[in-house]
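# Secondary and tertiary structure notes
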Amino acid sequence: MNIIFHDNHLLVVEKEAGLLTQPTELCQDSLETRVKAWLQKELNKEVVFLKTVHRLDKGVSGLVIFTRSSKATARMSKLIKDQKIKKTYFTEVEGLVKKDSGTLTHFLEKKEFIAKVYDIEQFDTKEAILNYTVLKRNESTSVLKVELITGRYHQIRAQLSYIGHPIVGDQKYGAKFKQANIHLRHSILEFIHPVTQKLLRLQLPDTGF
């Protein structure tokens, strides 16, 4: 495991693509399971407090926050609800994105493990906003830096697909070529520590693409 940050209140760990964030009835192996086992060994305790406050899709890699106390859990949940955690992703999408940067605003509806995108608000939709910057254009793909303004189900995957640039490997949202994992990486986190009140900026060393 690549532990990025660790204190008595928080654990921030890098998740590899292809690994579940949390266990399911069908698969117990997950980042949460591994982190809990590590923490039990580190503290020499059978029972430890560990909560997942947000998740990454199985095929997505990057930073995941765990809390180690009920106080931290409640405060981190409020930061997420109030959209006070800045999340930056890097992704490789199919096609050449024309604009060097831009903002995407849509309305998303969660329907049976997929997000449906609308241009205007519909019943039971939620507003989805992200900013993107093109970092590199390859022969047939583009590498983007994406800053989430809202955090919706499959937001980045759905919105980029909707504008004609599905993420490489994301066949659920229209990618043409099959890959082992989705080319999407949660690389940067910025937020105020829920207990110490210090600004944390945590970053993985590369974009992954």
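Preceding this paragraph is the structure being described.
Quick notes on the rules
Residues numbered from 1 in each chain as written. Predicted model: local features only at pLDDT ≥ 70, side-chain atom pairs only at ≥ 80, totals over all residues. Heavy atoms only, no water. Helix = DSSP H or I, 4+ residues; strand = E, 2+ residues; numbered from the N terminus. Rg over C-alpha atoms; globule rule 2.2 N^0.38 Å. Buried < 20%, exposed > 50% of the residue type's maximum accessible area, 1.4 Å probe, protein only. Areas by Shrake-Rupley, 256 points an atom, 1.4 Å probe, with all protein chains shown as cover. Lys, Arg positive; Asp, Glu negative; His and termini not counted. Charge placed at Lys NZ, Arg CZ, Asp CG, Glu CD. Core = buried A, V, L, I, M, F, W, Y, C linked by side-chain atoms within 4.5 Å. Contact = heavy atoms within 4.5 Å. Expected span 1.5 Å × (residues − 1). Arc of directions from axis to C-beta. Phe/Tyr/Trp six-rings, centres within 6.5 Å; stacked < 30°, edge-to-face > 60°. Lys NZ or Arg CZ within 6 Å of the ring centre and 35° of its normal. Pairing = 2+ DSSP bridges.

Our focus in this paragraph is the overall build of the chain. Check the secondary structure of the chain and you find three helices and eleven strands. Helices and strands appear in the chain in the N-to-C order β-β-α-β-β-α-β-β-β-β-β-α-β-β. Radius of gyration (C-alpha) of the chain: 18 Å, near the 17 Å computed for a compact globule of 209 residues. C-alpha atoms of the chain, sized along the principal axes, occupy 55 × 35 × 35 Å. In the chain, buried positions account for 46% of the 209 residues. On the chain, roughly 11,600 Å² of surface is accessible, and the fraction owed to carbon and sulfur atoms is 48%. One way to put it: in the chain the 33 positive side-chain charges average out to a point 4 Å from where the 24 negative ones average out.

Let's shift gears to the nonpolar core. Nonpolar side chains in soluble globular proteins tend to be buried together. Core analysis: the largest hydrophobic core is formed by 27 residues, its most contacted members being Phe66 and Ile156. For this core, the secondary structure elements donating two or more residues are strand 2 (10–15), helix 1 (31–43), strand 4 (61–67), strand 5 (86–94), strand 8 (126–137), strand 9 (141–148) and helix 3 (155–162). Once residues lying within four places of it in the same chain are set aside, the contact partners of Phe66 are His9, Leu10, Leu11, Val13, Leu31, Glu32, Val35, Leu50, Lys51 and Thr52. Counting residues in each nonpolar core, the second largest holds 15 residues, with Phe5, Ile65, Ile85 and Leu200 among its members.

Of all the eight residues making up helix 3, six are buried; the element is thus mostly covered by neighbouring parts of the structure. In the core, the buried residues of helix 3 are packed alongside strand 5, strand 6 (101–110), strand 7 (115–118), strand 8, strand 9 and strand 10 (184–192). One or two positions beyond helix 3, positive phi appears at Gly164, with a value near 95°.

All right, on to helix 2 (residues 70–81) then. Over its twelve residues, helix 2 runs 16 Å from end to end, which matches the ideal 16 Å to within 8%, given 1.5 Å per residue. Within helix 2, the full set of buried residues consists of Ala72, Thr73, Met76 and Leu79. The arc that holds the buried residues of helix 2, viewed along the axis, is 130°, so those residues lie on one side. Of the exposed residues in helix 2, the ones pointing more than 90 degrees away from its buried face are Ser70, Lys78 and Lys81. Where the residues of helix 2 are buried, they touch strand 2, strand 3 (51–52), strand 4 and strand 10. Of the residues trailing helix 2, Gln83 is marked for its positive phi of about 55°.

Let us look at the packing of aromatic side chains. Counted according to the given criterion, the structure contains zero aromatic pairs. Across from the ring centre of Tyr153, 4.4 Å away, lies the NZ or CZ of Lys110, which sits over that ring.

All right, on to the pairing of strand 8 then. Bridge count for strand 6 against strand 8 is eight bridges, and the pairing is antiparallel. Looking at the pairing, Ser101 lines up with Thr133 of strand 8. Sheet topology note: the strand 8/strand 9 ladder contains seven bridges and is antiparallel. The partner of Asn131 across the bridge, within strand 9, is Glu147. Linking strand 8 to strand 9, which pair antiparallel, is a turn of three residues.

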